[in-house]
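As a plain string of letters, each chain reads:
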Amino acid sequence: MQPDKEPISHRRFVWIFIEAGLILTVSLVIQYYTSNYVTRSISAPVTDIILSNTRVYDVGGIFVYGALFLTLVAFVAGTIKINRAPFIIKSIAVFTFVRSVFVSLTHISPFPTRALISSPFFQRAWFNGIFTGNDLFFSGHTGVPFLLALIFWENKPLRFTFLGFSLVFALIVLLGHLHYSIDVLSAYFITYTIFHICKFLFPKSWQLFSQK
């Protein structure tokens, strides 16, 4: 579906922005309850062709603070031109929702040997409730920056920046045994589909994003 080229009024933009915030809030609430459900329903770990043949590395700092740095870069990229923000927010919300569905269907335990994640952020109840470490399939650290790369594909510096984040995080979560290899590999295929679903669901927001 091609977005309507008709100009979007200021009032309509404000509504689109509020709508994006509401959708993101709902997706995070869903993820919160999904993460708690998976923690209660967790089963046994399985072998993995990569993790079973590599030692675990201490990547906790990069895992946490690298994600925070990615958030900062995405925030700046999305607010330098505020018209970009609604589509980015809605896309991340849909990503979160779709990932929650997948997580609720798979209850495999984390790999027995894995990096210890220790950070002040993990001491906060709301953070622990959303990110438990048991929500494995598929990798959000790999998928979110790849989604941003797809969104900013026409902007080469941002495209390669977010692709770099995605590849680094893919390596980090495998070295730290924080995700199974299938969690990482599948993230690229599922995220690509999510991006095109978002373009179909939110044509007005995509139109706004594409404005110069």
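Attention here is on the structure that accompanies the text.

Conventions adopted
- Residues numbered from 1 in each chain as written.
- Predicted model: local features only at pLDDT ≥ 70, side-chain atom pairs only at ≥ 80, totals over all residues.
- Heavy atoms only, no water.
- Axes fitted to C-alpha atoms, helices over the stretch in contact; angles between N-to-C directions.
- Helix = DSSP H or I, 4+ residues; strand = E, 2+ residues; numbered from the N terminus.
- Parallel < 35°, antiparallel > 145°, perpendicular 65-115°, else oblique.
- Left-handed = near helix turned anticlockwise from the far one by under 90°.
- Contact = heavy atoms within 4.5 Å.
- Nonpolar A, V, L, I, M, F, W, Y, C, P; charged D, E, K, R; others polar.
- Phe/Tyr/Trp six-rings, centres within 6.5 Å; stacked < 30°, edge-to-face > 60°.
- Buried < 20%, exposed > 50% of the residue type's maximum accessible area, 1.4 Å probe, protein only.
- Lys NZ or Arg CZ within 6 Å of the ring centre and 35° of its normal.
- Lys, Arg positive; Asp, Glu negative; His and termini not counted.
- Salt bridge = Lys/Arg side-chain N within 4 Å of Asp/Glu carboxyl O.
- Polar contact = N/O pair within 3.5 Å; in protein donor to acceptor, adjacent residues only side chain to side chain.
- Core = buried A, V, L, I, M, F, W, Y, C linked by side-chain atoms within 4.5 Å.
- Patch = residues over 30% accessible without salt bridge, like charges linked within 9 Å, V, L, I, M, F, W, Y side chains within 5 Å.
- Areas by Shrake-Rupley, 256 points an atom, 1.4 Å probe, with all protein chains shown as cover.

Here's the deal with the packing of helix 2 (residues 60–79) against helix 5 (residues 140–151)
Move 1: Helix 5 packs onto helix 2 with a crossing angle of 20 degrees between their chain directions and a minimal axis gap of 12 Å. Here helix 5 runs roughly parallel to helix 2, going by the angle between their axes. Considering only the axes of helix 2 and helix 5, their crossing is left-handed. Where helix 2 abuts helix 5, its residues Phe-63, Ala-67, Leu-70 and Ala-74 lie against His-141, Val-144, Pro-145 and Leu-148.
Move 2: Class assignment for the residues of the contact of helix 2 with helix 5 results in seven nonpolar, one polar and no charged.

Concerning the packing of aromatic side chains
Move 1: Applying the stated criterion to the full structure yields 16 aromatic pairs.
Move 2: With centroids separated by 5.4 Å and ring planes inclined at 5 degrees, the aromatic side chains of Trp-206 and Phe-209 adopt a geometry described as stacked. Of this pair, Trp-206 and Phe-209 both sit in helix 8 (residues 203–210), three residues apart, roughly one helical turn. For the residue pair Trp-206 and Phe-209, the accessibility class agrees, reading buried in each case.
Move 3: Three or more aromatic residues joined by ring pairs make a cluster, and in this case those are Phe-87, Phe-152, Phe-162, Phe-195, Trp-206 and Phe-209.
Move 4: The side chain of Arg-55 reaches across the aromatic face of Tyr-57, ending 3.9 Å from its centre.
Move 5: Here the basic side chain of Arg-159 rests over the ring of Trp-153, its NZ or CZ set 4.5 Å away from the ring centre.

Let's talk about the side chain of Arg-159
Move 1: Mapped onto the elements of the fold, Arg-159 is located in helix 6 (residues 156–175).
Move 2: Although Arg-159 lies buried, it forms no salt bridge, and the closest oppositely charged side chain, Glu-154, sits 5.8 Å away as judged by the N-O distance.
Move 3: Within the local environment of Arg-159, its side chain forms a polar contact with the backbone oxygen of Trp-153, the two atoms lying 2.8 Å apart.
Move 4: Other than its neighbours up to four places away in sequence, Arg-159 contacts Ala-149, Phe-152 and Trp-153.

So, the pattern of salt bridges
Two side chains with opposite charge may pair up if their charged atoms get near one another.
Move 1: Enumeration according to the criterion identifies two salt bridges in this entry.
Move 2: Across the salt bridge formed by Asp-135 and Arg-99, the nearest N and O atoms sit 3.1 Å from each other. Within this pair, whereas Asp-135 is found in the loop between helix 4 (125–130) and helix 5, its partner Arg-99 is found in helix 3 (residues 85–105), the two being separated by 36 residues in sequence. In terms of burial, Asp-135 and Arg-99 fall into one category: buried.

Overview of the environment of Trp-15
Move 1: Mapping Trp-15 onto the fold places it in helix 1 (residues 10–40).
Move 2: Here Trp-15 falls in the partly exposed class, since its relative accessible area comes to 41%.
Move 3: Once the C-alpha coordinates of Trp-15 and Pro-86 are considered, the two residues, 71 residues apart in sequence, prove to be 9.8 Å apart.

Here we look at the nonpolar core
Move 1: Counting 32 residues, the largest nonpolar core has Phe-87, Phe-138, Ile-151, Phe-152, Phe-162 and Ile-194 as the members making the most contacts within it.
Move 2: Counting only elements with at least two residues in this core, the list comes to helix 2, helix 3, helix 5, helix 6, helix 7 (181–201) and helix 8.
Move 3: The leading source of residues in this core is helix 5, at seven residues.
Move 4: Core analysis: the second largest hydrophobic core is formed by 15 residues, Val-59, Val-64, Ala-115 and Leu-136 among them.

Notes on a nonpolar patch on the surface
Move 1: Together, Phe-69, Leu-72, Phe-75, Val-76 and Ile-80 give the surface a local cluster of nonpolar side chains, amounting to about 530 Å² of exposed area.
Move 2: Looking at the secondary structure, you find Phe-75 in helix 2.
Move 3: Phe-75 gets classed as exposed once you look at its relative accessible area, which sits at 54%.

Any link to function would need more than the numbers given here.
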